[in-house]
Amino acid sequence: MRCKEPDSCGFAAALQAIGGKWKTSLLWELHLRPYRFAELRRLLPGVSEKVLTQQLRQMEADGLISRRSYDEVPPRVKYSITPLGFSLNDAVTVMSAWGKHHEAWKSQRKAA
């Protein structure tokens, strides 16, 4: 599939939306249920608070997740997936299946 212009097919925009080490993992976790920031941090060992904050903000700006702040003391914030984010999860699932298939192909190739 060839695109005439750099992103006329939308692939670069899709990759930008899920680009980043943690975005696909966040998308997967949030499709299960809403989470608080600390819960997400525990679910993703190795992610720093700074990177998690950045990726959540980018995903919110892209319309993939929503952030709900409760007027309480102490402050409480929950993140949840939007319908747009949920639809992207479908595409990521297909890409994941392709990746597994490709890894199996590479393993068979090495064994031969």
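Along the chain, V73 connects to P74 via a cis peptide bond; the corresponding omega equals -5 degrees. Looking at the secondary structure, you find P74 in the loop between β2 (65–70) and β3 (76–81).

This part covers the nonpolar core. With 20 residues, the main nonpolar core has L26, L30, L40, L56, I65, Y79 and L88 as its most contacted residues. Every element with two or more residues in this core is listed here: α1 (11–18), α2 (23–32), α4 (49–61), β3 and α5 (83–111). Apart from residues lying up to four places away in sequence, L40 is in contact with L26, E29, L30, Y35, L52, L56 and Y79.

Attention now moves to the pattern of salt bridges. Within this structure, the stated rule accounts for 4 salt bridges. In this structure, E103 and K106 form a salt bridge, with 3.3 Å as the shortest nitrogen-oxygen distance. Of the two residues, E103 and K106 both sit in helix α5, 3 residues apart, roughly one turn of that helix. Judged by its relative accessible area of 44%, E103 is partly exposed.

Turning our eyes to something else, we now look at the sheet that holds β3. Reading across from one edge, β1-β3-β2 is the order of the 3 strands in this open sheet, with antiparallel pairing throughout. Of all the strands in the sheet, the pair left with one neighbour each is β1 (35–36) and β2. One ladder, built from 6 bridges, connects β2 with β3; its direction is antiparallel. If you follow S66 over to β3, its bridge partner there is S80. Seen against the sheet, α2 touches β1, β2 and β3 and runs at an angle of roughly 95 degrees to β3.

The rules we used
Residues numbered from 1 in each chain as written. Predicted model: local features only at pLDDT ≥ 70, side-chain atom pairs only at ≥ 80, totals over all residues. Heavy atoms only, no water. Helix = DSSP H or I, 4+ residues; strand = E, 2+ residues; numbered from the N terminus. Core = buried A, V, L, I, M, F, W, Y, C linked by side-chain atoms within 4.5 Å. Buried < 20%, exposed > 50% of the residue type's maximum accessible area, 1.4 Å probe, protein only. Contact = heavy atoms within 4.5 Å. Salt bridge = Lys/Arg side-chain N within 4 Å of Asp/Glu carboxyl O. Pairing = 2+ DSSP bridges. Axes fitted to C-alpha atoms, helices over the stretch in contact; angles between N-to-C directions.

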